[in-house]
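Residues per chain are reported as follows:
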Amino acid sequence: MTKIDMAALLADREAGTDDPWEVIDGNTHGSEIIAPAQPSVRRNVAKCGGPNRESNARRIARLPELEAAYIEAVDALRNIANGSSAEAASYARHILGEG
C-alpha cells in the first residue's frame, strides 16, 4: 500500500488553487483544467494534450474532490482506531499503515 504524506497533502491543498475545477476544450492545447471561481489570472490549473487528453483532464479535475474524500476517510479511520473494539481498531490502524 502506498503511504501518502498527509501533512504534505494538507499543505498543498492549502497553498493550491481552490476548487471546484472543471475541464474545458482548449484552443490548440487540447483540454484545459480551470478553476472558474478564480480571477482570470489564477484560473488556469493545467493543460492536457495527447491522445488521452480528455480522460486525463477529467482525472486531474476530480483531484480536489478525491483529496477531500481521502482526508474524510482517514479521519474516520483514525476515530475508529482510537475508540472502537480492539478488532476494529487493529483493522483501522492496518489500513492507515500505522500498525
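What counts, and where the lines are drawn
Residues numbered from 1 in each chain as written. Predicted model: local features only at pLDDT ≥ 70, side-chain atom pairs only at ≥ 80, totals over all residues. Heavy atoms only, no water. Core = buried A, V, L, I, M, F, W, Y, C linked by side-chain atoms within 4.5 Å. Buried < 20%, exposed > 50% of the residue type's maximum accessible area, 1.4 Å probe, protein only. Helix = DSSP H or I, 4+ residues; strand = E, 2+ residues; numbered from the N terminus. Contact = heavy atoms within 4.5 Å. Salt bridge = Lys/Arg side-chain N within 4 Å of Asp/Glu carboxyl O.

1. Some points on the nonpolar core
Ranked by size, the top nonpolar core spans eight residues in total: Met6, Leu9, Ile71, Val74, Leu77, Ala81, Ala92 and Leu96. Listed by contribution, the elements that provide at least two residues to this core are α1 (6-15), α3 (63-83) and α4 (86-96). Residue contributions to this core peak at four residues, all from α3. For Ala81, the contacting residues outside a window of four places in its chain are Ala89, Ala92 and Arg93. Counting residues in each nonpolar core, the second largest holds six residues, with Ile33, Cys48, Ala57 and Ala61 among its members.

2. Quick notes on the pattern of salt bridges
Counted by the stated rule, this structure contains two salt bridges. Arg13 is the partner of Glu67 in a salt bridge, and the nearest nitrogen-oxygen pair spans 3.2 Å. Here Glu67, found in helix α3, pairs with Arg13, found in helix α1; they are 54 residues apart in sequence, far enough to count as distant.

3. Concerning the environment of Cys48
Counting through the fold element by element, Cys48 comes out in strand β3 (residues 44-48). With a relative accessible area of 9%, Cys48 lands in the buried category. Considering only alpha carbons, one finds Cys48 and Ile60, 12 residues apart in sequence, at a separation of 9.3 Å.

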